[in-house]
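# Coordinates in review
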Amino acid sequence: MSAQRSGSNDEPHSDHHPKRDRRSNRSNHPDRSNRQNRPNRPAPRQVLDDEGRVLPDATEPDLTGEELLEMYEYLVLARRFDERAISLQRQGRLATYAPMGGQEAAQVGSAFALDDADWTYPTYREHAAKLVRGLDVERVFLALRGHGEGDATPEGYNVMPEYIPISTQIPQAVGAAWATKLKGGTAATLCYFGDGATSEGDFHEGLNFAGVFDTPNVFFCNNNGWAISVPRERQTASATIAEKAKAYGFEGVRVDGMDPLAVYQVTKEAVEKAKNPDEDELRPTLIEAVQYRFGAHTTADDPDRYRDGVPEEWLAKDPLPRMEAFLRETGRLDDEAAEALSASVETRIDEAIAAAEAAPRPEPDEVFEYVHAEPTPQLRRQRASLDDLRDAHGEAAFESDR
Ligand SMILES: Cc1ncc(C[n+]2csc(CCOP(=O)(O)OP(=O)(O)O)c2C)c(N)n1
Ligand SMILES: [Mg+2]
């Protein structure tokens with residue numbers, strides 16, 4: 001990853017469009033020094049500075065030393081999972097994969113703030129959030145290798161399958177949270193989505209409903225600067241995504257999405273408010289976790305077509321060295337412990353990959369199962385055409401050595 005001039009997540013409006021004028025989009029980028037000066041754009045909340053020191057006006061979250069180390073272990077697991085998954089995809093051993101480099105703290109910090117009874121609505125990028133919520137590494141690899149069971153959350157884990165159609169999870173998470181409230185339950189429902197998702201009707205309908213019906217939701221927007229090739233400033237003219245909450249009558253918060261401790265703190269507060277709001281508060285919160293997507297949108301994307309690497313200022317916010325420095329500085333981690341932790345993460349991933357690859361190949365027909373009780377006419381036609389292919393080419397057409 002190299003330093004570059006363009007593609008900031010948090011910068012003034014630009015009129016350049018990548019497709020219309022790629023070169024000028026890169027070179028004539030607005031003055032980045034204006035970034036923090038935009039009126040009405042509050043700085044994201046932080047606990048750690050870029051060097052991993054606790055900021056003077058911040059308080060450390062209420063986590064034990066053991067919990068902080070566990071949080072770090074999940075960050076390392078997320079980073080290594082990501083690197084291995086990209087490599088496996090390149091070797092044809094995983095299907096399309098959505099990388100999460102740079103976004104680990106947002107996932108780990110937020111998932112850490114949930115109780116077992118709370119619900120998670122993930123997108124295609126929330127691999128680490130699922131791991132923190134207790135799903136095992138093998139299951140996540142199985143899902144990425146096309147096994148239906150990988151996406152079938154076991155009983156007792158309140159994690160929905162990943163949502164690929166943008167924003168569709170938002171109204172569903174609101175409906176589920178409303179149901180919890182009507183039934184007198186106490187769980188909160190946390191719903192992830194990206195900056196691009198905020199341009200969809202489902203986002204507005206869902207958040208509007210949540211405000212009116214005062215549902216116990218946490219709306220967690222991973223503002224990673226990009227919706228595939230579309231930069232954040234082409235997504236909305238609002239100064240921030242968090243401020244959109246005002247229109248629905250509830251609180252919006254900006255947080256440094258690459259600071260695991262700040263993400264944890266902000267999410268914890270939102271979860272508590274969802275469960276026990278003060279008299280003058282509504283239950284929902286919109287969290288805008290400001291961060292940067294280090295890698296490609298998915299392994300099917302080539303970011304070099306529309307940006308020149310990752311800006312230095314975002315690389316400097318990398319959550320892993322920050323959390324590591326914090327733990328070392330506060331005497332919770334030394335070389336020996338760091339090496340042991342990293343070796344155990346590596347083994348965990350090796351074993352999960354071996355187990356997922358040893359699982360019998362899923363039947364191609366499975367792709368038609370599990371969604372509709374009665375197949376739609378289109379699905380029936382597609383299944384018939386799969387049968388035709390099998391008749392024409394034999395079972396061997398579906399075999400692979402992976
Ligand atoms: C309803 C719908 N429209 C379009 C797409 C194609 N698509 C896949 S990802 C994506 C961009 C989403 O960007 P964002 O919400 O910022 O999430 P990110 O990928 O950055 O995590 C689009 C347009 C889709 N999956 N669903
Ligand atoms: Mg995005």
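Cut-offs used in this document
Residues numbered from 1 in each chain as written. Chains lettered and ligands numbered in written order. Predicted model: local features only at pLDDT ≥ 70, side-chain atom pairs only at ≥ 80, totals over all residues. Pairing = 2+ DSSP bridges. Helix = DSSP H or I, 4+ residues; strand = E, 2+ residues; numbered from the N terminus. Axes fitted to C-alpha atoms, helices over the stretch in contact; angles between N-to-C directions. Contact = placed C-beta atoms within 7 Å. pLDDT = per-residue confidence, 0-100. Near = placed C-beta within 6 Å. Nonpolar A, V, L, I, M, F, W, Y, C, P; charged D, E, K, R; others polar. Parallel < 35°, antiparallel > 145°, perpendicular 65-115°, else oblique. Left-handed = near helix turned anticlockwise from the far one by under 90°.

## Points about the sheet that holds strand E1 (residues 119-121)
Strand order across the open sheet formed by 5 strands is E1-E2-E3-E7-E6, with parallel pairing between neighbours. The two strands at the open ends of the sheet, each matched to only one other strand, are E1 and strand E6 (251-256). On average, adjacent strands in this sheet sit at an angle of 20 degrees to one another, irrespective of strand direction. Judged from the 6 bridges that link them, strand E3 (residues 217-223) and strand E7 (residues 285-290) form a sheet pairing that is parallel. Paired with phenylalanine 219 across the bridge in E7 is leucine 286. Strands in contact with helix H9 (residues 260-275) are E3, E6 and E7; relative to E7, the strand with the most contacts, it is inclined by about 170 degrees.

## Concerning the confidence of the model for the protein
The pLDDT averaged across the protein works out to 91; a share of 90% of its residues lies at or above 70. Contacts for the low-pLDDT stretch residues 1-8, under 50 throughout, to residues beyond four places or in other chains number 30 contacts. Confidence drops under pLDDT 50 across residues 11-36; counting only partners more than four residues distant or on other chains, this segment forms 31 contacts.

## A short note on the site of ligand 1
Ligand 1 sits among 15 residues. The nearest are Ile166, Gly194, Gly196, Ala197 and Ala227. In terms of residue class, the shell around ligand 1 is made up of 8 nonpolar, 5 polar and 2 charged.

## Regarding the packing of helix H3 (residues 104-112) against H9
Interaxial distance between H3 and H9 falls to 7 Å at its minimum, and their mutual angle equals 40 degrees. The orientation of H3 relative to H9 falls into the category oblique. In the packing of H3 onto H9, the handedness of the crossing is right-handed. Residues Ala105, Ala106, Val108, Gly109, Ser110 and Phe112 of H3 touch H9, and the partners they reach there are Pro260, Leu261, Val263, Tyr264 and Thr267. Its residues assigned to classes, the contact of H3 with H9 shows 8 nonpolar, 3 polar and no charged.

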